[in-house]
Amino acid sequence: MRCIVLLFLTQISCNKVETIPFEDTRPIQLETHGFEIIPDKKISLLSNVLYLNADKIIEHGFEFISINDGKEVIKNFQIKTPAAIGRMILTLDESVLNDLGYVQKFRYYIKTTKNDIYGQYLQYYVNHSQDFMVHPNQSLRGYSGDELTLKGNFKDVYARYDLYIGKSNDKIPFTVSNNNIDLSFKLPPNGQTESAYVYLVSKTNSEDADHRYYLTEVTYLARLNPPESYIIDIYSHLTLSAKEGLAYRTSILIGDQLIPYQQFLRLYDYLKPENGDSYRIGYFNGRDTIIFPQKLQLARPDTKEIYFQTTRVHPFGSTKVMGLRSYQLFGPTSFTLGTYPVQMGLDTQVGSYTLSAGDLPEGEYPLTIKNMNYELITEKKLKVEKLKVNKLIQNSHEMGSQVTISGNFIKGQYYSVHLADNGIYGIVAEEGLIRFAIPVLKSGEHEVTVGYWNEIQSNSIPVHTNLSIQVNPFTYTGFAPLKGSGGTAIRLKGKSIAFATIYLGGNQIYSSQIANTYDEVLVTLPNYLTPGQYKISARLADRWLQVPEVFEVTAL
């Protein structure tokens with residue numbers, strides 16, 4: 001039993017518990033609070049320590065920056081007692097600060113073995129002993145024309161001093177009231193200045209610049225003009241010009257966002273379609289939040305202005321949508337004709353859309369534009385109708401002669417005609433008809449198929465008809481003159497001969513059509529042929545034709 005107890009105690013003594021020290025990574029936090037003037041010409045400097053970590057503090061106190069003989073001087077006043085969380089106070093004789101010269105600002109600091117931490121700067125001005133007192137930590141803000149009030153002890157100030165603001169040489173009227181506690185004045189125009197110092201000058205020493213007694217610094221608040229229009233497209237720049245003051249320290253309020261002021265604010269960088277397309281608009285100038293009377297509305301398509309370039313379209317056909325611009329659409333948007341989805345292609349050059357209909361039933365449909373913020377329906381409707389062909393008229397039966405097909409063809413749309421051995425593409429329709437010339441075809445009857453372009457599938461939609469064209473065989477009936485030297489023009493005649501290839505002996509020679517007729521061509525005799533007799537042949541597809549006459553090439 002003793003052995004068991006001894007073994008147990010041995011195990012306990014061998015199990016070590018490792019203690020990991022806690023590392024406080026939170027930074028030291030502190031604030032500069034201000035100063036108080038107390039009896040016996042002493043000044044208490046005030047600060048607040050919000051948090052201390054485990055860093056070793058080697059010094060803390062107040063840092064002053066002053067101007068002496070035109071040079072910046074930095075002087076520290078240490079606090080001898082250890083730094084601790086809460087209020088830290090350093091009391092100094094006023095004369096110590098007066099000896100610094102023209103004091104600009106001061107701040108509380110803590111120095112550790114790792115780094116130096118500073119509170120914010122506060123303004124402090126003491127040039128000479130003064131018989132009035134300004135309560136610390138007063139921040140004055142206002143618009144030009146506002147009446148501002150400074151708190152302190154201003155007994156006899158009105159009778160002995162003049163008030164000035166900034167660099168102006170104009171005296172500012174002021175009043176002292178409320179048992180000499182309130183000094184009030186009206187803020188003059190700022191002259192494009194963000195802030196200005198308020199100071200008193202003794203009436204008896206008005207020419208002495210060193211006898212300026214600085215009271216505080218006043219910040220001018222900016223006012224912005226509303227937008228020229230409350231309706232704006234998402235890709236435009238919002239411009240809120242300054243009505244008063246300097247705008248660059250102002251924030252623009254759009255919806256719930258505060259955005260640092262920009263002269264040209266690009267909306268697309270800040271707004272998202274899921275947050276809507278209508279926003280309250282205003283600004284925050286550091287003190288006041290001003291909301292303009294109307295909401296900022298992102299531009300939506302105007303259904304009254306939207307119309308179709310053609311009032312009709314065939315199934316799988318297309319037409320341009322006029323009056324609809326890409327910059328009017330915010331976020332994913334779908335399009336339907338009635339309840340049928342359609343595709344919209346964007347021409348980036350002009351920013352307009354082409355509608356490509358699917359296999360829609362015949363009928364009339366408005367265009368519906370829908371996204372997460374709205375659903376709009378156009379007043380104009382698009383009629384969908386199948387291509388129907390009525391009749392065919394031939395001027396003649398020769399190749400090159402005109403054929404007219406009538407039906408519900410849409411003016412300006414492109415059609416094609418398919419024949420047994422050939423086809424014609426890119427035929428621009430007139431209203432209700434298309435025209436084309438008979439191409440190279442074998443003689444006989446040819447069934448006609450009409451087609452139009454399918455934008456979605458990038459192919460032609462064929463529409464079979466009960467129509468056909470009749471084509472006569474081509475003929476070669478003769479030529480003139482019967483002889484000549486190099487450079488001689490020879491005229492050949494025959495039905496549809498303009499479509500044939502011409503040969504002189506075994507040499508192919510270039511032929512040109514005469515006027516608008518397909519029944520005559522001209523060929524020019526080459527200079528390289530040796531004198532002699534040659535057969536002139538005409539070939540069209542697999543047919544060769546000759547006449548009995550021969551052409552005699554003579555010497556030059």
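Residues numbered from 1 in each chain as written. Predicted model: local features only at pLDDT ≥ 70, side-chain atom pairs only at ≥ 80, totals over all residues. Heavy atoms only, no water.

Turning our eyes to something else, we now look at the overall build of the chain. Within the chain one finds three helices and 54 strands. Here the chain has a C-alpha radius of gyration of 48 Å; the compact-globule value for 556 residues is 24 Å, and the former is much larger. For the C-alpha atoms alone, the extent of the chain along its principal axes is close to 140 × 105 × 60 Å. Expressed as a percentage of the 556 residues in the chain, the buried residues total 43%. Sequence separation of at least 24 residues holds for 59% of the intrachain contacts in the chain that already meet a minimum separation of 6. (Helix = DSSP H or I, 4+ residues; strand = E, 2+ residues; numbered from the N terminus. Rg over C-alpha atoms; globule rule 2.2 N^0.38 Å. Buried < 20%, exposed > 50% of the residue type's maximum accessible area, 1.4 Å probe, protein only. Contact = heavy atoms within 4.5 Å.)

Quick look at the packing of aromatic side chains now. Within this structure, the stated rule accounts for 18 aromatic pairs. Taking the centre distance of 5.8 Å and the plane angle of 50° together, the rings of Tyr 283 and Phe 292 count as tilted. Here the aromatic residues Phe 62, Phe 64, Phe 77, Phe 106 and Tyr 108 are joined through ring pairs into a cluster of three or more. One Lys or Arg, Arg 26, reaches over the ring of Tyr 51 and ends 3.9 Å from the middle of that ring. (Phe/Tyr/Trp six-rings, centres within 6.5 Å; stacked < 30°, edge-to-face > 60°. Lys NZ or Arg CZ within 6 Å of the ring centre and 35° of its normal.)

On to the sheet that holds strand β13 (residues 174-177). Here four strands make up an open sheet; going across it, the order is β9-β11-β14-β13 and the pairing antiparallel. In this open sheet, the two strands that pair with only one neighbour each are β9 (133-134) and β13. Pairing geometry for β13 and strand β14 (residues 182-186), over four bridges, is antiparallel. Following the sheet pairing, Val 176 is matched in β14 by Leu 183. (Pairing = 2+ DSSP bridges.)

Approximately 310 Å³ is the volume found for the second largest pocket. Looking at the second largest pocket, it is lined by 18 residues, and the ones nearest its centre are Ser 318, Gly 412, Gln 413, Tyr 414 and Glu 455. Counting residues per element, the lining of the second largest pocket draws most heavily on strand β30 (residues 318-322), at three residues. In the lining of the second largest pocket, the residues fall into six nonpolar, nine polar and three charged. (1 Å grid on protein atoms, 1.4 Å probe; cavity = no way out; pocket = protein on both sides within 12 Å on 5 of 7 lines; lining within 4 Å. Points joined across faces, edges and corners; volume = space filled by probe spheres on them. Nonpolar A, V, L, I, M, F, W, Y, C, P; charged D, E, K, R; others polar.)

This next bit is on the environment of Ser 241. Looking at the secondary structure, you find Ser 241 in the loop between β19 (237-238) and β20 (242-244). Excluding residues that lie within four positions of it along the chain, Ser 241 makes contacts with Arg 223, Leu 224, Asn 225 and Tyr 261.

This paragraph deals with the sheet that holds strand β12 (residues 161-165). The sheet built from four strands is open, its strands ordered β10-β16-β15-β12 with mixed pairing. Only two strands of the sheet have a single neighbouring strand rather than two, namely β10 (140-142) and β12. The sheet shows a mean angle of 30° between the axes of neighbouring strands, direction not considered. Note that strand β15 (residues 195-202) and strand β16 (residues 212-220) share seven bridges and pair antiparallel. Each residue of the ladder has a partner; that of Leu 200, found in β16, is Tyr 213. (Axes fitted to C-alpha atoms, helices over the stretch in contact; angles between N-to-C directions.)

Further remarks concern the pattern of salt bridges. Under the definition given, this model contains 20 salt bridges. Residue Glu 385 is joined to Arg 312 by a salt bridge in which the shortest nitrogen-to-oxygen separation is 2.4 Å. Placement of Glu 385 in the loop between β36 (375-384) and β37 (389-394) and of Arg 312 in strand β29 (residues 312-313) is noted, with a sequence separation of 73 residues between them. For the pair Glu 385 and Arg 312, a shared accessibility class is recorded, and that class is buried. Between Glu 520 and Arg 491 there is a salt bridge whose closest N-O contact spans 3.4 Å. Of this pair, Glu 520 sits in strand β50 (residues 520-524) while Arg 491 sits in strand β46 (residues 489-493), placing them 29 residues apart in sequence. For Glu 520, a relative accessible area of 18% puts it in the buried group. Via salt bridges that share partners, Arg 312, Lys 383, Glu 385 and Glu 431 belong to a single interconnected network. (Salt bridge = Lys/Arg side-chain N within 4 Å of Asp/Glu carboxyl O.)

It is worth spelling out the nonpolar core at this point. Residues Ile 405 and Leu 492 are the most contacted members of the largest nonpolar core, which totals 47 residues. Counting residues per element, this core draws most heavily on strand β43 (residues 459-471), at five residues. Among all residues touching Leu 492, those that are not within four sequence positions of it are Tyr 476, Gly 478, Phe 479, Ile 497, Ile 502, Asp 519, Glu 520, Val 521, Val 523 and Ile 536. Counting residues in hydrophobic clusters, the runner-up holds 24 residues, among them Ile 28, Val 49, Val 103 and Phe 106. (Core = buried A, V, L, I, M, F, W, Y, C linked by side-chain atoms within 4.5 Å.)

Two elements, strand β52 (residues 536-540) and strand β53 (residues 543-546), share four bridges in a ladder whose sense is antiparallel. Among the inter-strand pairings, Ser 537 is bridged to a residue of β53, identified as Gln 546. Connecting β52 to the antiparallel partner β53 that follows it, the hairpin turn spans two residues, and Ala 541 within it adopts a positive phi of roughly 60°.

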